[in-house]
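So the chains spell out like this:
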Amino acid sequence: MIKRIVIVGAGQAGLAAATKLRQEGFQGAITMLGDEGAMPYQRPPLSKAYLLGKLEAERLSFRNNDFFYLQNIGICQNEPALEIDGVTKGVVTAHGRHLYDQLILATGADPIKLPASMAEGIDNIFYLRNKADADRLRPILREGAQLLVVGGGYIGLEVAAASRQVGAQVTLVEMAPRILNRVAAEPTASYFRRLHSSQGVDIREGIGLTGLKPDGAAITATLADESTLTIDAVVVGVRPNVGLAEAAGLATDGGFLVDEFGRTSDPSIWAAGDCASFSYQSEMTRIESVPHAIDQAEHVARNILGAELPYRPRPWFWSHQYSTKLQIAGFNRGYDRATVSQGIAEGSMTVSYFQGERLIAVDCLNDARSFMLAKRQLGL
Ligand code: FAD
């Protein structure tokens, strides 16, 4: 009988799992261990409205203290898990040991730190993973500030958009041949390249950052083409947080390896959200999005209680940049053809990805109608 469930990580997936366990009637002890000293909160606004100062901090939280009290969910806001002992079934923290019958890992993703040799002696390097990061970055984003964004994925592009909106000067470098290289086809990348260029962002593709040097109060950044920039600050992207798994001897593959039910290589330990790596469409897959974190965590909660429900992601995602809303449905990997269609509203557009004749994904730009239709067609 399961009496104690411990959840490491008090974020989107951790909260979804705890909530689902109670909804499914689990009456034993639930303990969530967090490391941010905060109640669970939403991350998407950190690179959008919150970064722009248009959303108050209190509005980031998912639930207030009453919820945790009424649901009888123990939450230790500032008690990072330091070690997992899979033999005695305990999670070690600085305050002691939390024993579990079942353990859920929902540790999210971690910043990709710049190499120590590059970062040495430089203060203004920012990562945007949590609220504390956003709070550090906000005062830097001001009229006239010179900012270098490293990485042209969605978060990098959103930071570039927010920075331009407050009047900062932005250069964005992407080491891959183009922005959004891993996640979108060329027409979507072109749309955002044009959008950002029209807003004054200097986008440099196929060029990495190779060095940083303090230069008085500023920083000199050197790029792979040997050009240099004088900047005030650098912002960098994220990767999964699996340090704990390695210490516990669990299998990892960029994320915690889980089976179709969300179970790791230890049958009492499960994982969900950004940190979980699972086989989907015959490829190891890790998804960093809110809908996936909730869905997978809810599956894990039900499977712990015996449901045996295989997890099939229903991928969708969104991004906000300036006045453009991008909505993505499906996975575009393995597509052999991408078509572009204009939407009904002026300036709206949809990129549809096909494998043979089969639609597998769409990127909808200010085109909510096509998004809804495609979601239905894709069965999401
Ligand atoms: P998280 O929500 O990151 O929670 C993990 C928690 O575990 C964190 O609090 C972490 O500090 C904690 N933790 C880690 N290690 C330990 C430890 N050892 N002990 C205790 N706690 C630990 N998704 C979208 O769908 N749309 C968007 O527009 C979007 N925008 C985003 C913008 C930003 C700036 C960021 C950072 C993410 C964005 N995402 C977006 C992604 C989305 O927020 C994540 O996919 C989602 O939060 C994943 O949930 P999670 O629970 O797996 O991880």
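Not measured: the values here are computed from a predicted model. (Residues numbered from 1 in each chain as written. Predicted model: local features only at pLDDT ≥ 70, side-chain atom pairs only at ≥ 80, totals over all residues. Heavy atoms only, no water.)

## A closer look at the nonpolar core
(1) Moving on: Core analysis: the biggest nonpolar cluster contains 43 residues, and L137, L147, V159, L172 and F192 have the highest contact counts within it.
(2) Moving on: With 6 residues, the top contributor of residues to this core is helix α5 (residues 154-165).
(3) Moving on: Discounting residues that sit within four places of it in the chain, L147 has contacts with I140, L141, V159, S163, Q169, V170, T171, I231, A233 and V235.
(4) Moving on: Ranked by size, the runner-up nonpolar core spans 27 residues in total, among them I7, A16, A106 and F261. (Core = buried A, V, L, I, M, F, W, Y, C linked by side-chain atoms within 4.5 Å. Buried < 20%, exposed > 50% of the residue type's maximum accessible area, 1.4 Å probe, protein only. Helix = DSSP H or I, 4+ residues; strand = E, 2+ residues; numbered from the N terminus. Contact = heavy atoms within 4.5 Å.)

## Observations concerning the domain arrangement of the protein chain
(1) Moving on: Taken domain by domain, the protein chain holds domain 1 (4-108 + 241-304), domain 2 (112-238) and domain 3 (323-377).
(2) Moving on: Look at where the C-alpha atoms of domain 2 and domain 3 centre, and you get two points 27 Å apart.
(3) Moving on: Contacts between domain 2 and domain 3 engage 9 residues on the former and 14 residues on the latter.
(4) Moving on: Between domain 2 and domain 3, roughly 830 Å² of surface is buried when both sides are summed, and carbon and sulfur atoms account for 63% of that area.
(5) Moving on: Where domain 2 touches domain 3, the interface holds 0 salt bridges. (Domains from an automatic or database assignment. Buried area = accessible area lost by both parts, 1.4 Å probe. Salt bridge = Lys/Arg side-chain N within 4 Å of Asp/Glu carboxyl O.)

## Thoughts on the site of the ligand
(1) Moving on: Neighbouring the ligand are 32 residues; D35, E36, K48, R129 and D274 lie closest to it.
(2) Moving on: Separating an oxygen atom of the ligand from a backbone N or O atom of A13 is a distance of 2.7 Å.
(3) Moving on: In this structure, an oxygen atom belonging to the ligand sits 2.9 Å away from a side-chain N or O atom of R43.
(4) Moving on: Coverage of the ligand by the protein amounts to 95% of the 1000 Å² it exposes when considered alone.
(5) Moving on: Elements represented by at least two residues in the shell around the ligand include exactly α1 (12-23), α8 (290-304) and β22 (316-321).
(6) Moving on: Examining the composition of the shell around the ligand, we find that 3 residues originate from one element, α8, more than from any other.
(7) Moving on: Across the shell around the ligand, the residue classes break down as 15 nonpolar, 10 polar and 7 charged.
(8) Moving on: Summarising the domain contributions, the shell around the ligand has at least three residues from each of domain 1 (4-108 + 241-304) and domain 2 (112-238). (Near = heavy atom within 4 Å. Polar contact = N/O pair within 3.5 Å; in protein donor to acceptor, adjacent residues only side chain to side chain. Areas by Shrake-Rupley, 256 points an atom, 1.4 Å probe, with all protein chains shown as cover. Nonpolar A, V, L, I, M, F, W, Y, C, P; charged D, E, K, R; others polar.)

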